[in-house]
Amino acid sequence: MSLSASERIAIIHNKARPTISDYIPLLFDEFCELHGDRLYRDDPAILGGLANFRGMPVTVIAQVKGRNLEENKKSNFAMPHPEGYRKALRLARQAEKFHRPVVCFIDTPGAFCGIAAEERGQGEAIARNLLEFFRLKTPVISIVLGEGSSGGALALGVCDELAMLENAVYTVISPRGCASILWKDASREKEAAERLRITAGDLSELGICDAIIPEPAGGAHNNPQQTAENISGYLYQALQKFMQKEVAILLESRYNKFRKIGEFLETPGPEA
């Protein structure tokens, strides 16, 4: 059954929807969390560390959503500060040094927009990640687990292949924010959700999403184990494919992947 964008948003906002804390023990062995950006502090909104995936060492970087108020307060409701993005970049560079693939899990309403975050260089931290991930000499796979909004999501979205869970959304702005800016009417968020074309199916048609990972009927919360198995199957195939590529080809393909986004053709007007 085809669902609208607003219906899929309702599914990913279900409080029982699995988070990265649920998926890590189902996907990886021997996960060892690493902390801190070596510049300011640790940011619990981004989880990072080393793990084994089917016998292959990988670096895992993920945005952390909570399942209740206390967990969400601890992780700042999955809204990273600049030190979170700097931690992610530190771990990605470490992965490059040892030629470990990087697996990013995106699940955020956006980067934290508080004054302190801006004072510590939120915009620069996101921009730095965009630049450095483009030239990272090791495979990068990004998976959108639920909500991927704004530059806070894109900072972990520069990759060789972007996959989305079936009900996930990936967008430059939330539908409510879009409706508030475009029409000065937040109540039109459902209309904005459809017009933005933010679902996995929409983004696959646009060439932004490279793979759609199936979810159980009704959403991932109905069978987290099955969802994890689907993610694992996709991830294994993707890593096998990209680990065999030469670095020069990997970087060129990554560059071309993003150069094609927003591509359009102009036709001469009548005056021509």
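Being a predicted model, the structure only gives us computed values, none of them experimental. Along each chain, residues carry numbers from 1 onward, in the same order as the chain's sequence is written. Two thresholds apply to this predicted model, a pLDDT of at least 70 for residue-level local features and 80 or more for giving and counting side-chain atom pairs, whereas whole-chain, interface and lining totals are computed over all residues. To get the side-chain values, all heavy atoms of the structure are used, and hydrogens and water are removed first.

Draft legend 1. Here's a closer look at the overall build of the protein. When its secondary structure is counted, the protein shows twelve helices and eight strands. Compactness check: the protein gives a C-alpha radius of gyration of 18 Å against a globular reference of 19 Å for 272 residues, within 12% of the reference. Its C-alpha atoms give the protein principal-axis dimensions of about 55 × 50 × 45 Å. Split into buried and exposed, the 272 residues of the protein put 49% on the buried side. A sequence separation of at least 24 residues applies to 72% of the contacts in the protein between residues at least 6 apart. Surface exposure here means Shrake-Rupley accessible area, sampled with a 1.4 Å probe, where a residue is shielded only by the protein chains that are shown. In the form shown here, the protein has an accessible surface area of approximately 13300 Å², with 54% of it arising from carbon and sulfur atoms. Counting rule for charge: Lys and Arg are taken as positive, Asp and Glu as negative, and neither His nor the chain ends is counted. The atoms used to mark charge sites are NZ of Lys, CZ of Arg, CG of Asp and CD of Glu. A gap of 3 Å separates the mean positions of the 32 positive and 35 negative side-chain charges of the protein. Elements are defined by DSSP. Helices are runs of H or I of four residues or more, strands are runs of E of two residues or more, and each kind is numbered from the N terminus. A radius of gyration in this sense is built from C-alpha atoms; the matching globule rule multiplies 2.2 Å by the number of residues raised to 0.38. Buried means the residue's accessible area, taken with a 1.4 Å probe over protein chains only, is under 20% of the maximum for its type, while exposed means over 50%, and partly exposed covers the values in between. Two residues qualify as a contact provided that any one of their heavy atoms is within 4.5 Å of a heavy atom in the partner residue.

Draft legend 2. Up close: the environment of S75. Along the chain, S75 turns up in the loop between helix 3 (69–74) and helix 4 (82–97). Classification of S75 by relative accessible area gives buried; the value is 2%. In sequence terms S75 and G36 are 39 residues apart; their C-alpha atoms lie 14 Å from each other.

Draft legend 3. Structural view of the packing of helix 4 against helix 6 (residues 122–134). Close contact between helix 4 and helix 6 brings their axes to 8 Å; oriented N to C, the two are set at 20 degrees. One finds that helix 4 runs roughly parallel with respect to helix 6. For the element pair helix 4 and helix 6, the recorded crossing hand is left-handed. Seen from helix 4, the contacting residues are P82, Y85, R86, A88, L89, A92 and R93; seen from helix 6, they are Q122, E124, A125, I126, R128, N129, E132 and F133. Axis definition: a line fitted to C-alpha atoms, over the contacting stretch in the case of helices. Angles run 0 to 180 degrees between N-to-C directions. The scheme is simple: roughly parallel for angles under 35 degrees, roughly antiparallel for over 145, roughly perpendicular for 65 to 115, oblique for anything else. We call a crossing left-handed when the near helix sits turned anticlockwise from the far one by less than a right angle, and right-handed when that turn is clockwise.

Draft legend 4. Here's a closer look at the nonpolar core. To form a nonpolar core, buried Ala, Val, Leu, Ile, Met, Phe, Trp, Tyr and Cys residues must be joined to one another through side-chain atoms within 4.5 Å. If you look at the biggest cluster of nonpolar residues, it comprises 62 residues, and the most contacted ones within it are F28, I61, F105 and I143. Dropping the residues within four chain positions of it, I61 is found in contact with I46, L47, G48, A88, L91, A92, V102, V103, C104, F105, F133 and L156. Membership of the second largest hydrophobic core comes to six residues, among which are A5, I12, V169 and I198.

Draft legend 5. Molecular detail of the side chain of D43. Checked against the element boundaries, D43 lands in the loop between strand 1 (29–33) and strand 2 (46–53). Salt bridge, as used here: a side-chain nitrogen of Lys or Arg that lies within 4 Å of a carboxyl oxygen of Asp or Glu. Buried and unpaired, D43 has no salt bridge, with R41 as the nearest side chain of opposite charge at 5.0 Å. Within 3.5 Å is the distance limit for a polar contact, defined as a pair of N or O atoms, with the added protein rule that one can donate a hydrogen and the other accept it, and that residues adjacent in sequence qualify only through two side-chain atoms. Reaching out from D43, the side chain makes a polar contact with the backbone nitrogen of G84 at a distance of 3.4 Å.

Draft legend 6. Representation of the packing of helix 2 (residues 20–27) against helix 11 (residues 224–243). Look at helix 2 against helix 11: their axes get within 10 Å of each other, and the N-to-C directions meet at 65 degrees. Handedness of the helix 2/helix 11 crossing: right-handed. Between helix 2 and helix 11, the residues in contact are Y23, L26 and L27 and P224, Q225, T227, A228, I231 and S232, respectively. By residue class, the composition of the contact of helix 2 with helix 11 is six nonpolar, three polar and no charged. Residue type decides the class: Asp, Glu, Lys and Arg count as charged, Ala, Val, Leu, Ile, Met, Phe, Trp, Tyr, Cys and Pro as nonpolar, and the leftover types, Gly among them, as polar.

Draft legend 7. Just helix 11, in detail. The length a helix should cover is 1.5 Å for every residue beyond the first. Here helix 11 contains 20 residues, and its C-alpha end-to-end distance of 28 Å stays within 8% of the 28 Å for a straight helix at 1.5 Å per residue. Taken together, the buried positions of helix 11 are occupied by T227, A228, I231, S232, Y234, L235, A238, L239 and F242.

Draft legend 8. Representation of unusual backbone geometry. The phi torsion at H99 lies on the positive side, around 50 degrees, for a residue other than glycine. Here H99 lies in the loop between helix 4 and strand 4 (102–108). One non-glycine residue, K184, lies in the positive phi region at around 55 degrees. Overall, K184 belongs to the exposed group, its relative accessible area being 69%.

Draft legend 9. Quick peek at the state of the cysteines. The definition used for a disulfide is geometric: two cysteine sulfur atoms within 2.5 Å. The tally for this structure, following the rule as stated, stands at zero disulfides. The cysteine C32 is free of any disulfide, with C104 supplying the nearest cysteine sulfur at 18 Å. Here C178 is not cross-linked by a disulfide; its sulfur's nearest cysteine counterpart is in C113, at 17 Å.

Draft legend 10. Inspection of the pattern of salt bridges at higher detail. Going through the model one piece at a time under the given rule, you end up with 21 salt bridges. A salt bridge links E215 to R17; the nearest nitrogen and oxygen atoms lie 2.8 Å apart. Highlighted residues: E215 in the loop between strand 8 (211–213) and helix 11 and R17 in the loop between helix 1 (5–12) and helix 2, separated in sequence by 198 residues. R17 matches E215 in its accessibility class, with the two residues each being buried.

Any functional reading would require information beyond the geometric quantities listed.
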